[in-house]
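# Structural characterization, general
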Amino acid sequence: MAKRLFWVLFLCWGFVSISQAAEHEVRAVGVKFDPMFIIIEPGDNVSWVNMPAHMIETIDAMVPEGTEKIMTELGVDVNFTFDLEGIYVYKCTPHWGARMGGVMLVGNPSDIEGTIDAYLLEIQTDKSLLPAKGLLKKFKKHLQKQGVI
Ligand SMILES: [Cu+2]
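Not measured: the values here are computed from a predicted model. (Residues numbered from 1 in each chain as written. Predicted model: local features only at pLDDT ≥ 70, side-chain atom pairs only at ≥ 80, totals over all residues.)

### Quick look at the sheet that holds strand β2 (residues 32-34)
How we decide: When DSSP locates at least two bridges between a pair of strands, those strands are taken to pair. Labels follow the DSSP assignment, with helices taken as runs of H or I lasting at least four residues and strands as runs of E lasting at least two, numbered in each case from the N terminus. Axes, fitted as lines to C-alpha atoms, cover a helix only where it is in contact. Angles between the N-to-C directions of the axes lie from 0 to 180 degrees.
Judged by pairing direction, the sheet is mixed, and its 4 strands sit side by side in the order β2-β1-β4-β6 without closing on themselves. Two strands lie at the open edges of the sheet, namely β2 and β6 (78-82), each paired on one side alone. The average angle at which neighbouring strand axes cross in this sheet is 25°, direction not considered. Across 3 bridges, the pairing between strand β1 (residues 23-29) and β2 is antiparallel. Its bridge partner lying in β2, Val29 is registered against Lys32.

Next comes the structure, spelled out in structure tokens:
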């Protein structure tokens, strides 16, 4: 009886650990985010740290539909939880010219490659998005390497 109870508790504990949201950390290093690309599950939390001269701003044309805009204060460490599946591109606005930005894949949205291509097309209509071009191309390679696409 005690043994059975032990296994029941053990399995419950395992289930709770698996379903718990994970924490991720992105560090600002010079004018780069490290890691530049992250792959997370919906509900996971991401912290941006070491941000003395940095901030993050999601790029309106490069986030899943229905996402709330993120624009943080300069010089503040922040963290956010991401619930909507999709691809999120963000930048450090003052260092966007130096291509300081990052890309996140949340969950397993449909047509990942198509979404990246659609984001790349946006750049043609808005030149301020140009620094995202290299980021997105590298992100695509990263996903290929990881076997995601
Ligand atoms: Cu910055």
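There's more to say after this.
### Some words on the sheet that holds strand β5 (residues 57-58)
To be explicit about the condition: Note that contacts rest on C-beta atoms placed from the backbone: two residues are in contact if these are within 7 Å.
Spatial strand order, β3-β8-β7-β5: 4 strands in an open sheet with mixed pairing. Either end of the sheet is taken by a strand with one partner, and the two such strands are β3 (37-40) and β5. Both β5 and strand β7 (residues 86-91) contribute to a ladder of 2 bridges, which runs antiparallel. In the strand pairing of β7, Glu57 is matched with Lys91. Those strands touched by helix α3 (residues 132-145) are β3, β7 and β8 (101-106), and its axis lies near 40° from that of β8.

### Structural notes on the nonpolar core
Our working rule: Each nonpolar core reported here comprises buried Ala, Val, Leu, Ile, Met, Phe, Trp, Tyr and Cys residues connected via C-beta atoms within 7 Å. Counting other C-beta atoms within 10 Å of a residue's C-beta gives its exposure: the residue is buried at 20 or more, exposed at 12 or fewer, and partly exposed in between, where C-beta atoms are placed from the backbone.
Ranked by size, the top nonpolar core spans 29 residues in total, and within it Ile59, Tyr88, Val89, Val103, Ala132 and Leu136 carry the most contacts. Looking at this core, the elements with two or more residues in it are β1, β4 (44-49), β7, β8, α2 (112-125) and α3. Ignoring any residue separated from it by four or fewer positions in sequence, one finds Val103 in contact with Phe37, Ile87, Tyr88, Val89, Leu135, Leu136 and Phe139.

### Quick look at the packing of α2 against α3
Formally: What sets the label is the angle itself: under 35 degrees gives roughly parallel, over 145 gives roughly antiparallel, 65 to 115 gives roughly perpendicular, and the rest give oblique. It is the rotation of the near helix from the far one that decides the hand of a crossing: anticlockwise by less than a right angle makes it left-handed, clockwise makes it right-handed. Charged residues are taken to be Asp, Glu, Lys and Arg, nonpolar residues to be Ala, Val, Leu, Ile, Met, Phe, Trp, Tyr, Cys and Pro, and polar residues to be all remaining types, Gly included.
α3 packs onto α2 with a crossing angle of 170° between their chain directions and a minimal axis gap of 10 Å. Between α2 and α3, the angle is such that the two are roughly antiparallel. Handedness of the crossing formed by α2 with α3: left-handed. Together, Ile112, Ile116, Tyr119, Leu120 and Ile123 of α2 and Ala132, Lys133, Leu136, Phe139, Lys140 and Leu143 of α3 make up the contact between the two elements. Residue composition of the contact of α2 with α3, by class: 9 nonpolar, no polar and 2 charged.

### Let's talk about the environment of Leu74
Along the chain, Leu74 turns up in the loop between β5 and β6. Residues Leu74 and Ala53, spaced 21 residues apart in sequence, show a C-alpha to C-alpha distance of 6.1 Å. Each residue touching Leu74, except ones within four places of it in the same chain, is listed here: Met55 and Pro94.

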